[in-house]
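Listed below, chain by chain, are the residues.
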Amino acid sequence: MKNIKKPIIISGIPRSGTTPLGSVLSSIKGFSMIYEPFNANQGIIDVHFNYLYPGKNISVEQFQSIFNNLIQLKSSFKKGYLKNDSLAKRIFKTFFGNESSLSFLKAKKSLSTNQLLIKDPFLLFCSKELCLNHKVIICYRPLMALAGSFKRMKWDFKEFEDLINFFPPNSIKSLRFKANDKISSNVVGAIQFYELFYNYMNSINSNKNLYFFSQQEFSTDPIEEITNVLKWLELEVSDEIIQLSQSLNKGKSSQIHIPDQSIQHDPDYNKKYSNEYYKLVLTKEEIDLIDAFVAEERFELPTFGL
């Protein structure tokens, strides 16, 4: 077994910068990133559904066992076949693996690895448990932009109906929202995810191991946002890190551009406008709904770690 330091976890809201932040940190010598090991489709074979919540939909002991096997590099991974995979992709996954298993094998086999990064939005509702002993970075972004991203990707938040049972009765106001011909189920799902996220984060007691990383700040001033998180991690802010942060935050387009719907990370669109393209995606009714909901709920993160 290698002498590996305690892992750093990068989690948070989907589409909130976990991937570029993971890419920046994993460029540091000795760092290796494991990509979404708790993704039920392609991750660890012992994970049977997305968004584990220790003490609720999985016991704390069972979660700790799965997590400890991961950081000891003892986990086994699924093939990760998806419904829309081509035959070529299925063959590749059969013989080589998927994005999660390949990142795990790379970390396991690398002789230089002494620091693991675990990049996984599906660990969001495990943050309370994880930050007791590990550094946890939580990425977040504005709800309007998140809704635009959910709609572009045609994502629904199907896990909401199960997760809401773990929150105090009547605490989640978005339960009443329903999709119709002017408000998509994707936007409703984004709102519901956002509300669960803020309620959950505010249930965590003050903890020095929890840090909030703003995707919005990263999109407009990547150097400052990366510098702040590196200082919190007590890591050097090198010229290479700064250059990489800037390059990851740019795209070929010099204007507001809707990212390609078929891929999660479109290299063409300029990330500077990542929280503005929702204007081209959402209906007026969806925008009005989100504006009214944010004004009513006044979402605020706890101040520790900021």
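Details of the structure are given in the entry above.
Residues numbered from 1 in each chain as written. Predicted model: local features only at pLDDT ≥ 70, side-chain atom pairs only at ≥ 80, totals over all residues. Heavy atoms only, no water.

**Considering the sheet that holds strand E1 (residues 5-12)**
Next, step 1: The parallel open sheet is built from 5 strands, whose spatial order is E2-E3-E1-E4-E5. A strand with exactly one partner marks an edge of an open sheet, and here the two such strands are strand E2 (31-35) and strand E5 (210-214). Put simply, the sheet's adjacent strands are angled 20 degrees from each other on average, direction ignored.
Next, step 2: Examined bridge by bridge, E1 and strand E4 (residues 135-140) share 5 bridges and lie parallel to one another. Along E4, the bridge assignment pairs Ile9 with Val136.
Next, step 3: Contacts from helix H4 (residues 99-109) reach E2 and strand E3 (115-119), with the element oriented near 155 degrees to E2.
Next, step 4: The strands touched by helix H8 (residues 185-201) within the sheet are E4 and E5, with E4 carrying the most contacts at an inclination of about 145 degrees. (Pairing = 2+ DSSP bridges. Helix = DSSP H or I, 4+ residues; strand = E, 2+ residues; numbered from the N terminus. Axes fitted to C-alpha atoms, helices over the stretch in contact; angles between N-to-C directions. Contact = heavy atoms within 4.5 Å.)

**Focus on the layout of surface pockets**
Next, step 1: What the second largest pocket holds in volume is close to 240 Å³.
Next, step 2: In terms of lining residues, the second largest pocket is bounded by 13 residues, among which Phe157, Phe160, Glu161, Val188 and Gln192 are the most central.
Next, step 3: Taken together, the elements giving at least two residues each to the lining of the second largest pocket come down to helix H7 (160-163) and H8.
Next, step 4: In terms of residue count, H8 provides more of the lining of the second largest pocket than any other element does, 4 residues in total.
Next, step 5: Across the lining of the second largest pocket, the residue classes break down as 6 nonpolar, 3 polar and 4 charged. (1 Å grid on protein atoms, 1.4 Å probe; cavity = no way out; pocket = protein on both sides within 12 Å on 5 of 7 lines; lining within 4 Å. Points joined across faces, edges and corners; volume = space filled by probe spheres on them. Nonpolar A, V, L, I, M, F, W, Y, C, P; charged D, E, K, R; others polar.)

**Examining the packing of aromatic side chains**
Next, step 1: Inspection of every chain in the model, using the stated rule, returns 28 aromatic pairs.
Next, step 2: Between Phe38 and Phe63, the ring centres sit 5.9 Å apart and the planes meet at 45 degrees, which makes this aromatic pair tilted. Within this pair, whereas Phe38 is found in the loop between E2 and helix H2 (60-71), its partner Phe63 is found in helix H2, the two being separated by 25 residues in sequence. No difference in accessibility class separates Phe38 from Phe63, as the two residues are buried.
Next, step 3: Judged by centre distance (5.6 Å) and plane angle (50 degrees), the ring pair of Phe213 and Phe218 falls under tilted. Like Phe213, the residue Phe218 is buried in the burial classification.
Next, step 4: Among the aromatic residues, those joined into a cluster by ring pairs are Tyr51, Tyr53, Phe122, Phe125, Phe150, Trp155, Phe157, Phe160, Phe166, Phe167, Phe193 and Tyr200.
Next, step 5: When the ring centre of Trp232 is taken as reference, the NZ or CZ atom of Lys135 above it lies at 4.4 Å. (Phe/Tyr/Trp six-rings, centres within 6.5 Å; stacked < 30°, edge-to-face > 60°. Buried < 20%, exposed > 50% of the residue type's maximum accessible area, 1.4 Å probe, protein only. Lys NZ or Arg CZ within 6 Å of the ring centre and 35° of its normal.)

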